[in-house]
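What follows is each chain in one-letter form.
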Amino acid sequence: MNDQDPVGLDRRTVLKSAGAVALGMASTAYAAAPRKRFAVVGVGSRSRMYTHAITGKFRDSNEVVGVSDNNAGRAALAVKTIAATGASKPKAYSAADFDRMIRETKPQTVIVTTPDATHNDYIVRALDAGCDVITEKPMTTTPEKAQTILDACKRNGRHVRVTFNYRYSPPRTQIKDLLMSGEIGEVLSVDFHWLLNTVHGADYFRRWHSNKAISGGLMIHKATHHFDLVNWWLGAQPQSVVAVGKREFYTPEMAKRMGLKGPHERCRTCPEKSACTFYFDLAADAGLKALYLDNEQHDGYFRDQCVWRPEIDIEDTMNVVVRYDTGTTLSYSLNAFNSWEGYHIAFNGTKGRIEHSIVEQAGVAGADETQGKIKDDGVTTRIIPLRGAPRDIEPWTGTGGHGGGDDVMLTEIFGDAPADKYKRASDERGGAYSMLVGAAANQCFKTGQSVRIDQLVTGLTAPERAPMPSRTTSLPMPMKVKMP
Ligand SMILES: NC(=O)c1ccc[n+]([C@@H]2O[C@H](COP(=O)([O-])OP(=O)(O)OC[C@H]3O[C@@H](n4cnc5c(N)ncnc54)[C@H](O)[C@@H]3O)[C@@H](O)[C@H]2O)c1
(Lines give C-alpha, C1' and ligand atoms only; values in the text may rest on other atoms or scores of the structure.)
Protein backbone atom coordinates (compact mmCIF):
# COMPACT_ATOMS: atom_id res chain seq x y z
CA MET A 1 0.00 0.00 0.00
CA ASN A 2 1.15 3.55 -0.55
CA ASP A 3 0.73 6.21 2.10
CA GLN A 4 -2.30 7.79 0.44
CA ASP A 5 -5.70 8.16 2.06
CA PRO A 6 -8.79 7.43 -0.04
CA VAL A 7 -9.26 11.01 -1.20
CA GLY A 8 -5.71 11.29 -2.44
CA LEU A 9 -4.06 13.53 0.15
CA ASP A 10 -0.58 12.29 0.84
CA ARG A 11 1.12 12.64 4.23
CA ARG A 12 3.38 15.44 2.98
CA THR A 13 0.34 17.53 1.97
CA VAL A 14 -1.46 16.95 5.27
CA LEU A 15 1.63 17.88 7.32
CA LYS A 16 2.22 21.01 5.29
CA SER A 17 -1.42 22.02 5.66
CA ALA A 18 -1.39 21.36 9.42
CA GLY A 19 1.77 23.45 9.77
CA ALA A 20 0.24 26.27 7.81
CA VAL A 21 -2.87 26.25 9.99
CA ALA A 22 -0.68 26.34 13.11
CA LEU A 23 1.05 29.43 11.72
CA GLY A 24 -2.33 31.02 11.06
CA MET A 25 -1.87 30.91 7.30
CA ALA A 26 -4.38 29.76 4.72
CA SER A 27 -3.69 26.05 4.31
CA THR A 28 -4.52 26.14 0.60
CA ALA A 29 -1.51 28.35 -0.03
CA TYR A 30 0.74 25.47 1.03
CA ALA A 31 -1.11 22.32 0.11
CA ALA A 32 0.21 20.58 -3.00
CA ALA A 33 -2.67 19.50 -5.20
CA PRO A 34 -3.58 15.85 -4.61
CA ARG A 35 -2.50 13.52 -7.35
CA LYS A 36 -5.14 12.33 -9.82
CA ARG A 37 -6.05 8.71 -9.17
CA PHE A 38 -6.17 6.23 -12.05
CA ALA A 39 -7.21 2.59 -12.22
CA VAL A 40 -6.33 0.48 -15.26
CA VAL A 41 -8.29 -2.50 -16.56
CA GLY A 42 -6.44 -4.80 -18.98
CA VAL A 43 -2.75 -4.55 -18.18
CA GLY A 44 -1.27 -6.04 -21.35
CA SER A 45 0.98 -4.39 -23.89
CA ARG A 46 -0.84 -1.09 -24.53
CA SER A 47 -1.55 -0.29 -20.88
CA ARG A 48 2.17 0.20 -20.34
CA MET A 49 2.17 3.41 -22.37
CA TYR A 50 -0.23 4.93 -19.82
CA THR A 51 1.34 3.50 -16.66
CA HIS A 52 4.81 4.45 -17.89
CA ALA A 53 3.65 8.05 -18.37
CA ILE A 54 1.80 8.21 -15.04
CA THR A 55 4.70 6.74 -13.05
CA GLY A 56 7.34 8.68 -15.00
CA LYS A 57 7.06 12.12 -16.55
CA PHE A 58 3.67 12.89 -14.96
CA ARG A 59 4.10 11.26 -11.54
CA ASP A 60 3.89 14.51 -9.55
CA SER A 61 0.24 15.01 -10.41
CA ASN A 62 -0.98 11.48 -11.23
CA GLU A 63 -0.83 7.98 -9.74
CA VAL A 64 -2.01 4.44 -10.48
CA VAL A 65 -4.07 3.14 -7.55
CA GLY A 66 -5.50 -0.11 -8.95
CA VAL A 67 -5.07 -2.59 -11.79
CA SER A 68 -7.50 -5.27 -12.93
CA ASP A 69 -7.01 -8.12 -15.40
CA ASN A 70 -8.43 -11.57 -16.01
CA ASN A 71 -4.86 -12.89 -16.07
CA ALA A 72 -3.49 -12.88 -12.51
CA GLY A 73 0.09 -13.16 -13.76
CA ARG A 74 -0.12 -10.02 -15.90
CA ALA A 75 -1.88 -8.12 -13.07
CA ALA A 76 0.95 -9.09 -10.69
CA LEU A 77 3.56 -8.09 -13.27
CA ALA A 78 1.90 -4.68 -13.69
CA VAL A 79 1.94 -4.07 -9.92
CA LYS A 80 5.60 -5.10 -9.73
CA THR A 81 6.60 -2.86 -12.65
CA ILE A 82 4.70 0.15 -11.32
CA ALA A 83 5.96 -0.33 -7.74
CA ALA A 84 9.55 -0.56 -9.01
CA THR A 85 9.28 3.05 -10.19
CA GLY A 86 8.63 4.17 -6.60
CA ALA A 87 5.71 6.30 -7.79
CA SER A 88 2.92 4.19 -6.22
CA LYS A 89 2.00 0.60 -5.42
CA PRO A 90 -1.40 -0.14 -6.92
CA LYS A 91 -3.61 -2.97 -5.69
CA ALA A 92 -4.26 -5.86 -8.11
CA TYR A 93 -7.78 -7.14 -8.74
CA SER A 94 -9.19 -9.91 -10.90
CA ALA A 95 -11.47 -8.88 -13.77
CA ALA A 96 -14.41 -10.21 -11.74
CA ASP A 97 -13.48 -7.74 -8.99
CA PHE A 98 -13.47 -4.66 -11.22
CA ASP A 99 -16.35 -3.00 -9.34
CA ARG A 100 -14.67 -3.75 -6.02
CA MET A 101 -11.48 -2.15 -7.33
CA ILE A 102 -13.42 1.06 -8.00
CA ARG A 103 -15.08 0.98 -4.59
CA GLU A 104 -11.86 0.36 -2.71
CA THR A 105 -9.27 2.39 -4.63
CA LYS A 106 -11.59 5.29 -5.53
CA PRO A 107 -10.05 6.26 -8.87
CA GLN A 108 -11.22 9.48 -10.52
CA THR A 109 -10.51 7.94 -13.92
CA VAL A 110 -10.54 4.39 -15.26
CA ILE A 111 -8.27 3.58 -18.20
CA VAL A 112 -9.65 0.76 -20.38
CA THR A 113 -7.01 -1.24 -22.26
CA THR A 114 -8.68 -4.65 -22.56
CA PRO A 115 -9.43 -6.42 -25.87
CA ASP A 116 -11.81 -4.39 -28.02
CA ALA A 117 -15.10 -6.27 -27.52
CA THR A 118 -14.84 -5.90 -23.74
CA HIS A 119 -14.37 -2.09 -23.66
CA ASN A 120 -18.08 -1.24 -23.52
CA ASP A 121 -18.76 -3.24 -20.37
CA TYR A 122 -15.96 -1.54 -18.40
CA ILE A 123 -16.73 1.91 -19.83
CA VAL A 124 -20.37 1.69 -18.77
CA ARG A 125 -19.61 0.26 -15.32
CA ALA A 126 -16.97 2.93 -14.65
CA LEU A 127 -19.31 5.74 -15.78
CA ASP A 128 -22.14 4.39 -13.64
CA ALA A 129 -19.75 4.27 -10.68
CA GLY A 130 -19.12 8.00 -11.14
CA CYS A 131 -15.69 7.81 -12.80
CA ASP A 132 -14.26 9.49 -15.85
CA VAL A 133 -13.11 7.06 -18.53
CA ILE A 134 -10.22 6.98 -20.97
CA THR A 135 -10.55 4.12 -23.45
CA GLU A 136 -8.28 2.78 -26.11
CA LYS A 137 -9.49 2.61 -29.68
CA PRO A 138 -11.67 1.15 -31.05
CA MET A 139 -14.23 2.48 -28.59
CA THR A 140 -16.14 -0.77 -29.11
CA THR A 141 -16.93 -3.38 -31.78
CA THR A 142 -20.66 -3.31 -32.58
CA PRO A 143 -23.41 -0.68 -32.94
CA GLU A 144 -25.31 -2.30 -30.04
CA LYS A 145 -22.33 -1.89 -27.74
CA ALA A 146 -21.76 1.68 -28.97
CA GLN A 147 -25.37 2.42 -28.06
CA THR A 148 -24.81 1.31 -24.46
CA ILE A 149 -21.86 3.71 -24.21
CA LEU A 150 -23.77 6.64 -25.75
CA ASP A 151 -26.66 5.96 -23.34
CA ALA A 152 -24.34 5.72 -20.32
CA CYS A 153 -22.65 9.01 -21.24
CA LYS A 154 -26.03 10.71 -21.46
CA ARG A 155 -27.27 9.10 -18.23
CA ASN A 156 -24.18 10.21 -16.31
CA GLY A 157 -23.64 13.58 -17.97
CA ARG A 158 -20.04 12.69 -18.87
CA HIS A 159 -17.98 12.26 -21.99
CA VAL A 160 -15.60 9.34 -22.51
CA ARG A 161 -12.15 10.07 -23.86
CA VAL A 162 -11.20 7.86 -26.84
CA THR A 163 -7.45 7.99 -27.39
CA PHE A 164 -6.99 8.41 -31.11
CA ASN A 165 -3.24 8.91 -30.92
CA TYR A 166 -2.81 9.11 -34.72
CA ARG A 167 -4.41 12.57 -34.72
CA TYR A 168 -1.51 13.85 -32.60
CA SER A 169 1.30 12.58 -34.82
CA PRO A 170 2.93 15.83 -36.08
CA PRO A 171 2.85 15.07 -39.84
CA ARG A 172 -0.84 14.08 -39.55
CA THR A 173 -1.64 17.20 -37.52
CA GLN A 174 0.13 19.13 -40.28
CA ILE A 175 -2.30 17.71 -42.85
CA LYS A 176 -5.16 19.01 -40.70
CA ASP A 177 -3.44 22.41 -40.62
CA LEU A 178 -3.10 22.47 -44.42
CA LEU A 179 -6.74 21.47 -44.91
CA MET A 180 -7.88 24.12 -42.40
CA SER A 181 -5.86 26.78 -44.21
CA GLY A 182 -8.10 26.40 -47.26
CA GLU A 183 -5.17 26.13 -49.64
CA ILE A 184 -6.81 23.33 -51.63
CA GLY A 185 -10.32 24.68 -51.03
CA GLU A 186 -13.13 22.33 -50.05
CA VAL A 187 -12.27 18.66 -50.22
CA LEU A 188 -14.67 16.88 -52.57
CA SER A 189 -13.12 13.40 -52.43
CA VAL A 190 -10.39 11.42 -50.69
CA ASP A 191 -8.37 8.39 -51.88
CA PHE A 192 -6.77 6.55 -48.97
CA HIS A 193 -4.84 3.28 -49.13
CA TRP A 194 -3.28 1.65 -46.06
CA LEU A 195 -0.86 -1.27 -46.20
CA LEU A 196 0.21 -3.58 -43.37
CA ASN A 197 3.36 -5.60 -43.84
CA THR A 198 3.89 -9.31 -43.18
CA VAL A 199 5.57 -8.60 -39.81
CA HIS A 200 3.06 -6.26 -38.16
CA GLY A 201 0.14 -7.20 -40.44
CA ALA A 202 0.68 -10.93 -39.93
CA ASP A 203 0.76 -10.34 -36.17
CA TYR A 204 -3.00 -9.57 -36.17
CA PHE A 205 -3.59 -13.12 -37.38
CA ARG A 206 -1.61 -14.64 -34.46
CA ARG A 207 -3.44 -12.93 -31.59
CA TRP A 208 -6.99 -12.41 -30.23
CA HIS A 209 -7.38 -9.92 -33.08
CA SER A 210 -7.89 -12.87 -35.47
CA ASN A 211 -11.24 -13.57 -33.78
CA LYS A 212 -13.83 -11.14 -35.13
CA ALA A 213 -16.05 -11.49 -32.07
CA ILE A 214 -13.22 -9.99 -29.97
CA SER A 215 -11.65 -7.44 -32.34
CA GLY A 216 -14.42 -6.63 -34.82
CA GLY A 217 -11.89 -7.55 -37.54
CA LEU A 218 -9.44 -5.09 -39.06
CA MET A 219 -12.29 -2.82 -40.23
CA ILE A 220 -12.89 -2.04 -36.55
CA HIS A 221 -9.64 -2.83 -34.78
CA LYS A 222 -7.23 -1.21 -37.23
CA ALA A 223 -9.27 0.93 -39.62
CA THR A 224 -10.90 2.78 -36.70
CA HIS A 225 -7.67 4.83 -36.65
CA HIS A 226 -7.96 5.54 -40.36
CA PHE A 227 -11.69 6.32 -40.46
CA ASP A 228 -11.19 8.57 -37.45
CA LEU A 229 -8.36 10.41 -39.18
CA VAL A 230 -10.54 11.09 -42.23
CA ASN A 231 -13.56 12.13 -40.12
CA TRP A 232 -11.32 14.52 -38.17
CA TRP A 233 -9.28 15.75 -41.14
CA LEU A 234 -12.48 16.59 -43.03
CA GLY A 235 -14.40 17.79 -39.96
CA ALA A 236 -17.33 15.78 -41.32
CA GLN A 237 -19.60 12.94 -40.27
CA PRO A 238 -19.83 9.68 -42.28
CA GLN A 239 -23.32 9.03 -43.63
CA SER A 240 -23.30 5.82 -45.67
CA VAL A 241 -20.93 2.96 -46.43
CA VAL A 242 -20.50 0.30 -49.12
CA ALA A 243 -17.69 -2.24 -48.87
CA VAL A 244 -16.28 -5.60 -49.90
CA GLY A 245 -13.89 -7.70 -47.82
CA LYS A 246 -12.25 -11.11 -48.09
CA ARG A 247 -9.49 -13.27 -46.58
CA GLU A 248 -7.37 -14.83 -49.28
CA PHE A 249 -3.84 -14.70 -47.93
CA TYR A 250 -3.84 -15.90 -44.29
CA THR A 251 -5.56 -19.21 -45.15
CA PRO A 252 -4.79 -22.94 -44.90
CA GLU A 253 -4.68 -23.03 -48.71
CA MET A 254 -1.93 -20.40 -48.79
CA ALA A 255 0.11 -22.47 -46.29
CA LYS A 256 -0.11 -25.38 -48.74
CA ARG A 257 0.91 -23.13 -51.65
CA MET A 258 3.96 -22.15 -49.60
CA GLY A 259 4.91 -25.81 -49.38
CA LEU A 260 3.85 -26.33 -45.75
CA LYS A 261 1.97 -29.30 -44.35
CA GLY A 262 0.22 -27.08 -41.76
CA PRO A 263 -1.67 -25.14 -40.47
CA HIS A 264 -0.64 -26.00 -36.91
CA GLU A 265 -1.75 -24.65 -33.53
CA ARG A 266 1.07 -22.25 -32.69
CA CYS A 267 4.64 -21.32 -33.59
CA ARG A 268 6.19 -22.52 -30.33
CA THR A 269 5.25 -26.16 -30.90
CA CYS A 270 5.21 -26.03 -34.70
CA PRO A 271 6.87 -28.98 -36.44
CA GLU A 272 7.61 -26.74 -39.46
CA LYS A 273 9.39 -23.88 -37.68
CA SER A 274 12.30 -23.83 -40.06
CA ALA A 275 10.16 -24.09 -43.19
CA CYS A 276 7.61 -21.34 -42.43
CA THR A 277 8.73 -17.79 -43.21
CA PHE A 278 5.98 -16.54 -40.86
CA TYR A 279 7.47 -18.38 -37.84
CA PHE A 280 7.52 -16.10 -34.79
CA ASP A 281 9.60 -16.82 -31.67
CA LEU A 282 7.66 -15.55 -28.67
CA ALA A 283 10.56 -16.24 -26.32
CA ALA A 284 13.00 -14.12 -28.33
CA ASP A 285 11.76 -10.75 -27.00
CA ALA A 286 12.17 -10.51 -23.21
CA GLY A 287 9.18 -8.19 -22.84
CA LEU A 288 6.80 -10.35 -24.86
CA LYS A 289 7.99 -13.48 -23.03
CA ALA A 290 7.37 -11.91 -19.61
CA LEU A 291 3.96 -10.57 -20.62
CA TYR A 292 2.49 -13.54 -22.49
CA LEU A 293 4.57 -16.75 -22.53
CA ASP A 294 5.26 -16.71 -18.78
CA ASN A 295 1.56 -16.14 -18.02
CA GLU A 296 -0.03 -18.75 -20.27
CA GLN A 297 -0.87 -21.00 -17.31
CA HIS A 298 -3.35 -18.40 -16.03
CA ASP A 299 -5.63 -18.17 -19.07
CA GLY A 300 -4.34 -20.53 -21.79
CA TYR A 301 -3.90 -17.63 -24.23
CA PHE A 302 -1.27 -18.20 -26.95
CA ARG A 303 0.23 -15.00 -28.38
CA ASP A 304 1.85 -16.95 -31.28
CA GLN A 305 -1.02 -18.80 -32.93
CA CYS A 306 -0.54 -20.05 -36.49
CA VAL A 307 -1.43 -17.41 -39.09
CA TRP A 308 -2.79 -20.14 -41.41
CA ARG A 309 -5.44 -21.50 -39.00
CA PRO A 310 -8.83 -22.22 -40.61
CA GLU A 311 -10.77 -20.73 -37.67
CA ILE A 312 -9.47 -17.20 -38.36
CA ASP A 313 -12.52 -15.16 -39.38
CA ILE A 314 -11.16 -11.65 -40.06
CA GLU A 315 -10.48 -10.23 -43.53
CA ASP A 316 -7.04 -9.42 -44.95
CA THR A 317 -8.23 -7.42 -47.99
CA MET A 318 -10.87 -4.69 -47.68
CA ASN A 319 -12.27 -1.93 -49.91
CA VAL A 320 -14.68 0.69 -48.60
CA VAL A 321 -16.51 3.71 -50.05
CA VAL A 322 -17.92 6.27 -47.59
CA ARG A 323 -20.18 9.25 -48.26
CA TYR A 324 -20.02 12.15 -45.78
CA ASP A 325 -22.68 14.62 -44.64
CA THR A 326 -20.75 17.33 -46.52
CA GLY A 327 -21.04 15.38 -49.79
CA THR A 328 -17.34 14.43 -49.68
CA THR A 329 -16.63 10.82 -50.69
CA LEU A 330 -13.86 8.52 -49.43
CA SER A 331 -12.36 5.58 -51.28
CA TYR A 332 -10.37 3.46 -48.78
CA SER A 333 -8.51 0.17 -48.87
CA LEU A 334 -6.70 -1.92 -46.27
CA ASN A 335 -4.38 -4.76 -47.15
CA ALA A 336 -2.64 -6.89 -44.50
CA PHE A 337 0.05 -8.83 -46.39
CA ASN A 338 2.39 -6.32 -47.97
CA SER A 339 6.14 -5.85 -48.23
CA TRP A 340 6.00 -2.38 -46.62
CA GLU A 341 3.78 -0.65 -44.11
CA GLY A 342 2.22 2.78 -44.31
CA TYR A 343 -0.20 4.68 -46.52
CA HIS A 344 -0.89 6.94 -49.45
CA ILE A 345 -3.66 9.51 -49.23
CA ALA A 346 -4.85 12.19 -51.63
CA PHE A 347 -7.36 14.96 -50.88
CA ASN A 348 -8.99 16.32 -54.04
CA GLY A 349 -10.03 19.90 -53.35
CA THR A 350 -11.75 22.61 -55.36
CA LYS A 351 -8.43 24.48 -55.66
CA GLY A 352 -5.94 21.63 -55.74
CA ARG A 353 -4.80 18.35 -54.31
CA ILE A 354 -2.72 17.26 -51.31
CA GLU A 355 -0.79 14.04 -51.81
CA HIS A 356 0.65 12.62 -48.60
CA SER A 357 2.31 9.35 -47.71
CA ILE A 358 4.03 7.79 -44.72
CA VAL A 359 6.28 4.72 -44.57
CA GLU A 360 6.34 3.11 -41.12
CA GLN A 361 8.98 0.92 -39.55
CA ALA A 362 6.35 -1.56 -38.39
CA GLY A 363 7.39 -4.56 -36.32
CA VAL A 364 5.78 -7.07 -33.97
CA ALA A 365 3.14 -5.47 -31.73
CA GLY A 366 4.26 -4.92 -28.14
CA ALA A 367 7.87 -5.98 -28.79
CA ASP A 368 10.68 -4.06 -27.20
CA GLU A 369 10.84 -1.37 -29.91
CA THR A 370 9.05 1.89 -30.68
CA GLN A 371 5.56 1.07 -31.98
CA GLY A 372 4.29 2.65 -35.21
CA LYS A 373 7.57 4.52 -35.78
CA ILE A 374 7.85 6.54 -38.98
CA LYS A 375 10.91 5.68 -41.09
CA ASP A 376 13.59 8.34 -41.54
CA ASP A 377 12.53 10.41 -44.57
CA GLY A 378 9.31 8.36 -44.52
CA VAL A 379 6.93 11.35 -44.85
CA THR A 380 6.04 12.97 -48.16
CA THR A 381 3.55 15.81 -48.43
CA ARG A 382 2.92 17.66 -51.68
CA ILE A 383 0.45 20.36 -52.66
CA ILE A 384 -0.56 20.36 -56.31
CA PRO A 385 -2.68 23.45 -57.05
CA LEU A 386 -5.31 23.31 -59.78
CA ARG A 387 -3.47 26.19 -61.45
CA GLY A 388 0.23 26.80 -60.66
CA ALA A 389 3.31 24.82 -59.66
CA PRO A 390 3.29 21.90 -57.18
CA ARG A 391 5.34 22.30 -54.00
CA ASP A 392 6.72 19.83 -51.48
CA ILE A 393 5.98 20.57 -47.82
CA GLU A 394 8.64 20.18 -45.13
CA PRO A 395 7.03 17.69 -42.74
CA TRP A 396 6.42 18.41 -39.07
CA THR A 397 8.27 15.81 -37.06
CA GLY A 398 8.01 14.15 -33.67
CA THR A 399 9.65 11.32 -31.79
CA GLY A 400 8.35 8.20 -30.04
CA GLY A 401 5.46 5.85 -30.63
CA HIS A 402 2.90 6.10 -33.43
CA GLY A 403 4.60 8.78 -35.46
CA GLY A 404 5.29 10.94 -32.41
CA GLY A 405 1.57 11.04 -31.57
CA ASP A 406 1.71 9.13 -28.28
CA ASP A 407 3.87 11.70 -26.45
CA VAL A 408 1.84 14.71 -27.58
CA MET A 409 -1.40 12.99 -26.56
CA LEU A 410 -0.06 11.91 -23.16
CA THR A 411 0.97 15.47 -22.35
CA GLU A 412 -2.56 16.61 -23.13
CA ILE A 413 -4.07 13.88 -20.93
CA PHE A 414 -1.72 13.89 -17.94
CA GLY A 415 0.14 17.19 -18.12
CA ASP A 416 -0.46 20.77 -19.16
CA ALA A 417 -1.22 21.42 -22.79
CA PRO A 418 -2.45 24.67 -24.34
CA ALA A 419 -5.93 24.88 -25.93
CA ASP A 420 -5.83 22.86 -29.13
CA LYS A 421 -6.94 24.63 -32.31
CA TYR A 422 -7.05 21.25 -34.11
CA LYS A 423 -9.48 19.79 -31.54
CA ARG A 424 -7.59 16.50 -31.39
CA ALA A 425 -9.14 15.24 -28.16
CA SER A 426 -11.88 12.78 -29.06
CA ASP A 427 -14.91 11.69 -27.06
CA GLU A 428 -17.53 8.96 -27.50
CA ARG A 429 -19.02 10.77 -30.51
CA GLY A 430 -15.74 10.60 -32.45
CA GLY A 431 -15.24 7.07 -31.12
CA ALA A 432 -18.67 6.04 -32.38
CA TYR A 433 -18.43 7.71 -35.81
CA SER A 434 -15.17 5.95 -36.52
CA MET A 435 -16.11 2.44 -35.33
CA LEU A 436 -19.53 2.66 -36.96
CA VAL A 437 -17.91 3.01 -40.40
CA GLY A 438 -16.09 -0.26 -39.70
CA ALA A 439 -19.26 -1.88 -38.33
CA ALA A 440 -21.16 -0.77 -41.45
CA ALA A 441 -18.41 -2.22 -43.65
CA ASN A 442 -18.59 -5.52 -41.73
CA GLN A 443 -22.35 -5.58 -42.26
CA CYS A 444 -21.91 -4.83 -45.95
CA PHE A 445 -19.37 -7.66 -46.34
CA LYS A 446 -22.22 -10.02 -45.45
CA THR A 447 -25.18 -8.43 -47.21
CA GLY A 448 -23.66 -6.51 -50.10
CA GLN A 449 -26.09 -3.70 -49.23
CA SER A 450 -25.16 -0.08 -48.53
CA VAL A 451 -25.47 0.83 -44.82
CA ARG A 452 -26.59 4.17 -43.38
CA ILE A 453 -24.74 5.21 -40.24
CA ASP A 454 -27.77 6.96 -38.72
CA GLN A 455 -29.66 3.67 -38.76
CA LEU A 456 -27.05 1.93 -36.59
CA VAL A 457 -27.47 3.95 -33.37
CA THR A 458 -29.70 6.68 -31.96
CA GLY A 459 -28.80 9.89 -30.17
CA LEU A 460 -25.40 10.32 -31.85
CA THR A 461 -24.56 13.97 -32.48
CA ALA A 462 -21.61 15.57 -34.28
CA PRO A 463 -18.55 16.20 -32.09
CA GLU A 464 -17.05 19.66 -31.80
CA ARG A 465 -14.79 20.12 -34.83
CA ALA A 466 -12.15 22.69 -35.82
CA PRO A 467 -13.53 25.11 -38.44
CA MET A 468 -12.92 23.88 -42.00
CA PRO A 469 -13.19 25.69 -45.34
CA SER A 470 -16.74 25.55 -46.64
CA ARG A 471 -18.45 26.69 -49.80
CA THR A 472 -19.22 30.02 -48.13
CA THR A 473 -15.93 30.72 -46.34
CA SER A 474 -13.17 29.46 -48.65
CA LEU A 475 -10.98 31.73 -50.76
CA PRO A 476 -11.92 32.62 -54.38
CA MET A 477 -11.45 29.91 -57.00
CA PRO A 478 -8.13 30.10 -58.93
CA MET A 479 -9.57 30.55 -62.43
CA LYS A 480 -7.50 33.61 -63.34
CA VAL A 481 -4.36 31.53 -63.90
CA LYS A 482 -4.36 29.83 -67.31
CA MET A 483 -4.05 26.07 -67.77
CA PRO A 484 -0.37 25.11 -68.36
N1 LIG B 1 -3.82 3.32 -30.01
C2 LIG B 1 -2.95 2.42 -30.39
O3 LIG B 1 -2.08 2.72 -31.19
C4 LIG B 1 -3.04 1.02 -29.81
C5 LIG B 1 -1.96 0.15 -29.92
C6 LIG B 1 -2.08 -1.12 -29.38
C7 LIG B 1 -3.26 -1.52 -28.78
N8 LIG B 1 -4.30 -0.66 -28.69
C9 LIG B 1 -5.57 -1.07 -28.05
O10 LIG B 1 -5.32 -1.35 -26.68
C11 LIG B 1 -6.16 -2.40 -26.23
C12 LIG B 1 -5.31 -3.51 -25.61
O13 LIG B 1 -4.47 -4.06 -26.61
P14 LIG B 1 -3.11 -4.81 -26.21
O15 LIG B 1 -2.28 -4.83 -27.43
O16 LIG B 1 -2.57 -4.23 -24.97
O17 LIG B 1 -3.65 -6.30 -25.92
P18 LIG B 1 -3.02 -7.34 -24.89
O19 LIG B 1 -3.57 -8.66 -25.27
O20 LIG B 1 -1.56 -7.17 -24.80
O21 LIG B 1 -3.62 -6.88 -23.48
C22 LIG B 1 -4.97 -7.02 -23.12
C23 LIG B 1 -5.03 -7.31 -21.63
O24 LIG B 1 -6.40 -7.41 -21.24
C25 LIG B 1 -6.58 -8.60 -20.44
N26 LIG B 1 -7.96 -9.03 -20.61
C27 LIG B 1 -8.50 -9.81 -21.58
N28 LIG B 1 -9.82 -9.93 -21.41
C29 LIG B 1 -10.13 -9.21 -20.30
C30 LIG B 1 -11.34 -8.97 -19.61
N31 LIG B 1 -12.51 -9.41 -20.04
N32 LIG B 1 -11.28 -8.22 -18.49
C33 LIG B 1 -10.09 -7.72 -18.03
N34 LIG B 1 -8.92 -7.94 -18.65
C35 LIG B 1 -8.94 -8.66 -19.78
C36 LIG B 1 -5.55 -9.57 -20.95
O37 LIG B 1 -5.24 -10.56 -20.00
C38 LIG B 1 -4.38 -8.64 -21.24
O39 LIG B 1 -3.57 -8.47 -20.11
C40 LIG B 1 -6.98 -2.86 -27.44
O41 LIG B 1 -8.23 -2.25 -27.42
C42 LIG B 1 -6.18 -2.33 -28.61
O43 LIG B 1 -7.00 -2.04 -29.73
C44 LIG B 1 -4.20 0.60 -29.19
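Scoring rules and cut-offs
Per chain, the residues get numbers from 1 upward, laid out in the order the sequence is written. Local features in this predicted model are restricted to residues of pLDDT 70 or higher, and side-chain atom pairs are both shown and tallied only at a pLDDT of 80 or more, whereas totals for entire chains, interfaces and linings draw on every residue. Hydrogens and water molecules were not included; the side-chain quantities draw on all heavy atoms of the structure. Pairing between two strands requires that DSSP report at least two bridges joining them. Helix and strand definitions follow DSSP, with helices as H or I runs of at least four residues and strands as E runs of at least two, each counted in order from the N terminus. Summary of the distance rule: residues count as near a molecule or strand when at least one heavy atom falls within 4 Å of that molecule or strand. Counting of polar contacts relies on pairs of N or O atoms within 3.5 Å, with two restrictions inside protein: one atom must be capable of donating a hydrogen and the other of accepting it, and residues adjacent in sequence are counted only when both atoms are side-chain atoms. In these tables, accessible area is a Shrake-Rupley quantity obtained with a 1.4 Å probe, and a residue counts as shielded only by the protein chains included in the view. Throughout, the ten residues Ala, Val, Leu, Ile, Met, Phe, Trp, Tyr, Cys and Pro are labelled nonpolar, Asp, Glu, Lys and Arg are labelled charged, and all others, Gly among them, are labelled polar. UniProt positions are given in the numbering used here, feature names are shortened, and annotations may be inferred rather than shown by experiment. Any Lys or Arg side-chain nitrogen located within 4 Å of an Asp or Glu carboxyl oxygen qualifies as a salt bridge. We call a residue buried when its accessible area falls under 20% of the maximum for its residue type, exposed when it is over 50%, and partly exposed in between, using a 1.4 Å probe and counting protein chains only. Every axis in this analysis is a line fitted to C-alpha atoms, fitted for helices over the stretch in contact. Angles between the N-to-C directions lie between 0 and 180 degrees. Should an angle fall under 35 degrees it is called roughly parallel, over 145 degrees roughly antiparallel, and 65 to 115 degrees roughly perpendicular, with every other angle called oblique. Residues count as neighbours in contact if any of their non-hydrogen atoms are within 4.5 Å of one another.

- As annotated in an unreviewed UniProt entry, the protein chain is Dehydrogenase from Steroidobacter agaridevorans.

1. Some thoughts on the pairing of strand E8 (residues 238–246)
- With eight bridges connecting them, E8 and strand E9 (residues 317–324) associate as antiparallel partners. Looking across to E9, one finds that Val241 is bridged to Val322.
- The pairing of E8 with strand E15 (residues 451–452) spans two bridges and is antiparallel. The residue of E15 that forms the bridge with Ser240 is Arg452.

2. Description of the site of the ligand
- Looking at the ligand, there are 27 residues lining it, with Asp69, Arg74, Asp116, Tyr122 and Tyr292 nearest.
- Within the contact set of the ligand, an oxygen atom lies 3.0 Å away from a backbone nitrogen or oxygen of Lys137.
- Within the side chain of Tyr292, one N or O atom sits 2.4 Å away from an oxygen atom of the ligand.
- Within the complex, the protein chains bury 89% of what would otherwise be the 840 Å² of accessible surface of the ligand.
- In terms of residue class, the shell around the ligand is made up of eight nonpolar, 13 polar and six charged.

3. Considerations on the UniProt feature "domain: Gfo/Idh/MocA-like oxidoreductase C-terminal" (unreviewed entry) in the protein chain
- In this structure's numbering, the residues bearing the UniProt feature "domain: Gfo/Idh/MocA-like oxidoreductase C-terminal" (unreviewed entry) are residues 176–452.
- Taken end to end, residues 176–452 has its terminal C-alpha atoms 26 Å apart, with 27% of it in helix and 26% in strand.

4. A look at the pattern of salt bridges
- Considering all chains together, one arrives at 32 salt bridges under this definition.
- For Arg100, the salt bridge identified is with Asp97, shortest N-O distance 3.1 Å.
- The exposure class of Asp97 is partly exposed, given its relative accessible area of 26%.
- Residue Arg452 is joined to Asp454 by a salt bridge in which the shortest nitrogen-to-oxygen separation is 2.6 Å.
- For Asp454, a relative accessible area of 48% gives the class partly exposed.
- Via salt bridges that share partners, Lys91, Asp97, Arg100 and Glu104 belong to a single interconnected network.

5. Examining the packing of helix H5 (residues 119–128) against helix H6 (residues 143–156)
- Contact geometry of H5 with H6 gives a least axis separation of 9 Å together with a crossing angle of 10 degrees. If you check the angle between H5 and H6, you find them roughly parallel. Contact with H5, carried on its side by Asn120, Ile123, Val124, Leu127 and Asp128, involves Lys145, Thr148, Ile149, Ala152, Cys153, Arg155 and Asn156 of H6 and no other residues of that element.
- Here the residues of the contact of H5 with H6 sort into six nonpolar, three polar and three charged.

6. Structural notes on the sheet that holds strand E3 (residues 91–94)
- Spatial strand order, E3-E2-E1-E4-E5-E6: six strands in an open sheet with parallel pairing. Two strands in the sheet have a free side with no partner beyond their single neighbour: E3 and strand E6 (161–162).
- Taken together, the four bridges between strand E4 (residues 109–112) and strand E5 (residues 132–135) define a ladder with parallel strand orientation. Residue pairing for E5: Val110 is matched across the bridge by Val133.
- Helix-sheet contacts for helix H3 (residues 72–84) involve strand E2 (62–69) and E3, and the interaxial angle to E2 is about 165 degrees.

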